[in-house]
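The lines below spell out each chain.
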Amino acid sequence: MPRKNAPSPADAGSGSPTGEPVYLAVGFLRRPHGVRGELIMDIHTDFPDRLRAGTKVFVGEGHDPLKIASARPHGTSLLVLFRGLVNPEEAGRLRNTWVYVTAADRPPLPDGKVYQYQIIGLRVVTDDGRELGLLTEILETGANDVYVVKAADGKEILLPAIPDVILGHDLSDGVMRVHLLDGLET
């Protein structure tokens, strides 16, 4: 989902022995809405249906546990109400904070699909064997994602995440294979 000018999560909660994150960001709380203590939450997950009443989430840099009391669509966002927060003043404490779920609770993906955090840090190699650098960031645009590859000399290469460019990845070897179309590299 697009970032909608939200700051990036300061910490995805990395620290597991395998290097996998402990927490995954699923939303960003903007501000209170109405008088019941609901908050507007930008959605940062492909699985917003799992953010429903009874779901345990973790909020803020301290990953404080909260349970969702209710969640309902609000344009491209959600209106969420957390148990124990009954007015806008209490809800306002959570303004501009990230909402996480544990990585262990992530839904399985179809074969060949990966979560974004799994490809960050992969070595990027062209189809003729030339190493371009490391995948350091994923920009979410309207049409397709764009992968930011940082070369050893500090230069960045922007690669559209389309089938003509991204040929595949091997997570066990830590490599993404790409085909450079004319004009992608200067």
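Everything quoted here is computed from the prediction, not taken from an experiment. (Residues numbered from 1 in each chain as written. Predicted model: local features only at pLDDT ≥ 70, side-chain atom pairs only at ≥ 80, totals over all residues. Heavy atoms only, no water.)

J.: Before we go on, may I ask you to explain the overall build of the chain in this structure?
T.: Tallying secondary structure elements over the chain gives two helices and twelve strands in all. When the elements of the chain are put in sequence order from the N terminus, they spell out β-β-β-β-β-α-β-α-β-β-β-β-β-β. With 186 residues in all, the chain has 38% of them scored as buried. Of the contacts formed within the chain by residues at least 6 apart in sequence, a portion of 52% connects residues at least 24 apart. With an accessible surface of roughly 10,500 Å², the chain has 51% of that area assigned to carbon and sulfur atoms. (Helix = DSSP H or I, 4+ residues; strand = E, 2+ residues; numbered from the N terminus. Buried < 20%, exposed > 50% of the residue type's maximum accessible area, 1.4 Å probe, protein only. Contact = heavy atoms within 4.5 Å. Areas by Shrake-Rupley, 256 points an atom, 1.4 Å probe, with all protein chains shown as cover.)

J.: Looking at this structure, I do not really get the confidence of the model for the chain. What am I missing?
T.: Note that predicted coordinates carrying low pLDDT should not be read in detail. Per-chain confidence: the chain averages 86 in pLDDT, with 88% of residues scoring 70 or above. Below a pLDDT of 50 lies the segment residues 1-6, which in the model reaches 20 contacts outside its immediate sequence neighbourhood of four places, other chains included. Low pLDDT, under 50, characterises residues 13-18; the predicted model gives this stretch ten contacts beyond four residues in sequence or across chains. (pLDDT = per-residue confidence, 0-100.)

J.: Help me out: how do you make sense of the sheet that holds strand β2 (residues 38-43) in this one?
T.: Within a sheet, adjacent strands bond to each other through the backbone by hydrogen bonds, running parallel or antiparallel. Read around the closed barrel, the six strands follow the order β1-β2-β5-β4-β3-β6; overall the barrel is antiparallel. Geometrically, the sheet is characterised by an average inter-axis angle of 45° between neighbouring strands, direction not taken into account. As judged from the six bridges shared by strand β1 (residues 23-33) and strand β6 (residues 97-102), these two strands associate in the antiparallel manner. Bridge assignment links Gly27 to a residue of β6, and that residue is Val99. (Pairing = 2+ DSSP bridges. Axes fitted to C-alpha atoms, helices over the stretch in contact; angles between N-to-C directions.)

J.: Sorry if this is basic, but what is going on with the environment of Asn144 here?
T.: Positionally, Asn144 belongs in the loop between β8 (131-140) and β9 (145-150). Considered as a pair, Asn144 and Ala161 are 17 residues apart in the sequence and their alpha carbons are 6.2 Å apart. If sequence neighbours within four positions are ignored, Asn144 has contacts with Leu139, Pro160, Ala161 and Ile162.

J.: Looking at this model, I keep getting lost on unusual backbone geometry. Mind explaining?
T.: Leaving glycine out, the prevailing phi sign among residues is negative, and the prevailing peptide bond configuration is trans. The backbone of His63 sits at a positive phi, close to 50°, despite the residue not being glycine. Phi angles above zero are rare outside glycine, and Asn96 is one such case at about 60°. Relative accessible area serves as the criterion here: at 47%, Asn96 is assigned to the partly exposed category.

J.: Please clarify how the pairing of β6 should be interpreted in this entry.
T.: Side-chain direction in a regular strand flips from residue to residue, so the side chains alternate between the two faces of the sheet. For β6, the buried fraction is high: six of the six residues fall into the buried class. As paired elements, strand β3 (residues 56-59) and β6 share two bridges and run antiparallel to each other. Bridged to Val59 within β6 is Val99.

J.: Looking at this structure, I do not really get the sheet that holds β9. What am I missing?
T.: Strand order across the open sheet formed by six strands is β10-β9-β8-β7-β12-β11, with mixed pairing between neighbours. The sheet is open, and its two edges are formed by β10 (156-160) and β11 (166-170), each paired on a single side. Between one strand axis and the next, the sheet turns through 35° on average, direction left out of account. Bridge count for strand β7 (residues 123-126) against β8 is three bridges, and the pairing is antiparallel. The partner of Arg123 across the bridge, within β8, is Leu134.

J.: Would you take a moment to explain the packing of aromatic side chains for this structure?
T.: Each aromatic ring pair is summarised here by two numbers: the centre-to-centre distance and the angle between the ring planes. Inspection of the entire model under this criterion finds four aromatic pairs. Each ring, one from Tyr115 and one from Tyr117, has its centre 6.1 Å from the other, and the planes form 25°; the classification is stacked. Exposure remark for Tyr115: the relative accessible area of 15% places this residue in the buried category. Here the aromatic cluster, defined as three or more aromatic residues joined through ring pairs, consists of Tyr23, Phe58 and Tyr100. (Phe/Tyr/Trp six-rings, centres within 6.5 Å; stacked < 30°, edge-to-face > 60°.)

J.: Sorry, what's going on with the pattern of salt bridges here?
T.: Oppositely charged side chains can pair when the atoms bearing their charge come close. Evaluated as defined, the whole model comprises four salt bridges. The partner of Asp42 in a salt bridge is Arg30, with the nearest N and O atoms 2.8 Å apart. With a gap of twelve residues between them, Asp42 in strand β2 and Arg30 in strand β1 connect regions that are remote in the sequence. What makes Asp42 buried here is its relative accessible area of 5%. Linking Arg36 and Glu38 is a salt bridge whose minimum nitrogen-to-oxygen distance equals 3.7 Å. Its relative accessible area of 44% is what places Arg36 among the partly exposed residues. Taken together, the salt bridges that share partners define one network made up of Arg36, Glu38 and Arg72. (Salt bridge = Lys/Arg side-chain N within 4 Å of Asp/Glu carboxyl O.)

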